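# Commentary on secondary and tertiary structure
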Amino acid sequence: MRIEKIVLREMNMTMKAPFTTSFGSVQEKRFLIVEVYDELGNCGYGEGEAFEAPWYTEETTATCWHIIESFLAPILLNRDIEHPREVTQFFKPIRRNMMAKSAVECAVWDAYAKRLDEPLWKVLGGTREKIAVGVSIGLQPTTSQLYDKIDAALEDGYGRIKVKIKPGNDVQLIRAIRERYPDVPLMADANSAYTLDDMDILRQLDAFHLMMIEQPLGADDILNHAKLQKELTTPICLDESIHSYEDVVTAIELRGCGVINVKQARVGGLEEARRIHDLCLHHGIKVWCGGMLESGIGRAHAVALTSLEGFTMPGDTAGSDHYWYEDLIDPIVDVEGGYVHMKDAPGIGYKVNRERLDKYTERKLEL
Ligand code: OSB
Ligand code: MG
């Protein structure tokens, strides 16, 4: 396979509601869509999932554009590729910039699967015909608004609730949720809002049988997560701290977590995500697939990834309609009774609606 053309698009779509975490709020999503075309005319799509500001990781929409245009596209264009797994190796000389790499790598996987006329999830080695998903609910102005969101999610059939916490919005909040929903599978995500000085607060969270506490401490701090994990019975899940297979090796060696949130965007693509999945399976570390408030294109890649056998815990890949009034794909990612069913169509399995793709494109570059 040879990639002969790459199209880069900057998209702007507004979500149904703002999503608020300990690091800030997003409603207008500026992200990238990458199209790669092989010599036979197969088109693969990938999503640049970085946000406009570098709160979550150091990357932004603008840095992704720059890295793809100036470095990744020139590496890939007109190069012979046997298999998409090689793309990770081609990109090795470029440090980090995982989301930029992932956008391109995912697009190559989609084109490759379309070329084989196979669904991407099968090409990746997935075995699950349907995957369990939950919702991630952002911080709300009041507890009663949070209850409304949880009620709506449960009514829509989602079987797992993740809520965001931050200092001042933690023990009381989780206690209140537990009183109202004693048995709902529940987890809390701090997006790095605490330090070891908050040990007392974090210890109190042990009382609420949470499935896990996601990324309580610093984004670059696996060592202190290991210290914290020794003090807690609730498993720690690492999100922001994991950018590569090597980071997972470190986390396992240090016993820094019991669970890993895998996002292809955060680790440079589907090949690295799959290697992390295999490693965790081997070491008895649980994995699940996180989300980045993606459009249907990134969402379809996450759904395909989640079909791998080790993804035993529900992911964050809720249905398209949870976030968007309209999505870039037909049909939308649909959730029935808490499950997304795999598609048999080639590649990502969903058809990109070119009219809507153009409608939300604010900048376009052909390489
Ligand atoms: O920490 O998992 C996270 C959204 C944006 C950035 C980081 C995170 C999240 C979410 C929501 O929790 C995931 C989703 O529903 O797509
Ligand atoms: Mg998280």
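These numbers were taken from a predicted model, which means no experiment stands behind them. (Residues numbered from 1 in each chain as written. Chains lettered and ligands numbered in written order. Predicted model: local features only at pLDDT ≥ 70, side-chain atom pairs only at ≥ 80, totals over all residues. Heavy atoms only, no water.)

### Digging into the UniProt feature "domain: Mandelate racemase/muconate lactonizing enzyme C-terminal" (unreviewed entry) in the chain
Taking the UniProt record as the reference, the feature "domain: Mandelate racemase/muconate lactonizing enzyme C-terminal" (unreviewed entry) is found at residues 143–235. Along residues 143–235 the backbone is 42% helical and 11% strand, and the end-to-end C-alpha distance reaches 25 Å. (UniProt positions renumbered as here; feature names shortened; annotations may be inferred. Helix = DSSP H or I, 4+ residues; strand = E, 2+ residues; numbered from the N terminus.)

### Looking at empty space enclosed by the protein
For the structure on display, the rule yields 4 cavities of 30 Å³ or more. Size it by volume and the largest cavity reaches roughly 230 Å³. Taken together, 21 residues make up the lining of the largest cavity; nearest its centre are Phe-19, Lys-164, Lys-263, Gly-291 and Leu-293. The set of elements that each furnish at least two residues to the lining of the largest cavity consists of strand S1 (3–21) and strand S6 (161–164). A domain-level breakdown of the lining of the largest cavity finds at least three residues from each of domain 1 (3–118 + 352–366) and domain 2 (122–347). The space that makes up the second largest cavity amounts to roughly 60 Å³. Forming the boundary of the second largest cavity are Leu-120, Trp-121, Ala-300, Val-303, Ala-304, His-341, Met-342, Lys-343, Gly-347, Ile-348 and Tyr-350. At the level of elements, helix H4 (120–123) and helix H11 (296–306) are the ones that each hand at least two residues to the lining of the second largest cavity. Here the lining of the second largest cavity takes 3 residues from H11, the largest share from any one element. Here the lining of the second largest cavity is built from residues that sort into 8 nonpolar, 2 polar and 1 charged. (1 Å grid on protein atoms, 1.4 Å probe; cavity = no way out; pocket = protein on both sides within 12 Å on 5 of 7 lines; lining within 4 Å. Points joined across faces, edges and corners; volume = space filled by probe spheres on them. Domains from an automatic or database assignment. Nonpolar A, V, L, I, M, F, W, Y, C, P; charged D, E, K, R; others polar.)

### Structural notes on the site of ligand 1
The local shell around ligand 1 holds 17 residues, among which Lys-164, Asp-189, Asn-191, Leu-293 and Tyr-323 are the closest. For ligand 1, an oxygen atom lies 2.9 Å from a polar atom in the side chain of Ser-136. Measuring from an oxygen atom of ligand 1, one finds a backbone N or O atom of Leu-293 at 2.9 Å. About the coverage of ligand 1: the protein hides 99% of its 390 Å² of free accessible area. When each cavity is represented as a set of grid points, ligand 1 is found to reside in the largest cavity. Classifying every residue of the shell around ligand 1 gives 6 nonpolar, 3 polar and 8 charged. (Near = heavy atom within 4 Å. Polar contact = N/O pair within 3.5 Å; in protein donor to acceptor, adjacent residues only side chain to side chain. Areas by Shrake-Rupley, 256 points an atom, 1.4 Å probe, with all protein chains shown as cover. Sits in = over half its atoms within 2 Å of the grid points.)

### A few points about the coordination of the magnesium ion (ligand 2)
Around the magnesium ion (ligand 2), the protein supplies Asp-189 (OD), Glu-214 (OE) and Asp-239 (OD) as donor atoms, at distances of 2.1 to 2.3 Å. Expressed as a motif, the donor residue spacing for the magnesium ion (ligand 2) is D-x24-E-x24-D. Here Asp-189, found in strand S7 (residues 186–189), pairs with Asp-239, found in the loop between strand S9 (236–238) and helix H9 (245–254); they are 50 residues apart in sequence, far enough to count as distant. Residues Asp-189 and Asp-239 agree in their burial class; the two are buried. (Donors = N, O, S within 2.8 Å, 3.2 Å for Na, K, Ca; no water. Buried < 20%, exposed > 50% of the residue type's maximum accessible area, 1.4 Å probe, protein only.)

### A look at the sheet that holds S1
Sheet strands pair by backbone hydrogen bonding; their relative direction is either parallel or antiparallel. Pairing is antiparallel in the open sheet, where 4 strands are placed in the order S3-S2-S1-S15. The strands lining the two open edges of the sheet, one partner per strand, are strand S3 (43–48) and strand S15 (361–366). On average, each strand axis in the sheet is inclined to that of its neighbour by 20°, with strand direction left out of account. The sheet contact formed by S1 and strand S2 (residues 24–38) spans 14 bridges and is antiparallel. Of the residues in S2, the one forming a bridge with Leu-8 is Val-34. (Pairing = 2+ DSSP bridges. Axes fitted to C-alpha atoms, helices over the stretch in contact; angles between N-to-C directions.)

### Topic: the UniProt feature "binding site: Mg(2+)" (unreviewed entry) in the chain
What UniProt calls "binding site: Mg(2+)" (unreviewed entry) maps, in this numbering, to Asp-189, Glu-214 and Asp-239. Spanning 51 residues, the annotated positions come together in the fold, the maximum distance between their C-alpha atoms being 9.2 Å. The annotated residues contributing to the lining of the largest cavity are Asp-189, Glu-214 and Asp-239. With respect to the helices and strands, the residue Glu-214 is situated in strand S8 (residues 213–214). With residues near it in sequence (within four places) discarded, Glu-214 still touches Lys-162, Met-187, Ala-188, Asp-189, Ala-190, Asn-191, Cys-237, Asp-239, Asn-261 and Trp-288. (Contact = heavy atoms within 4.5 Å.)

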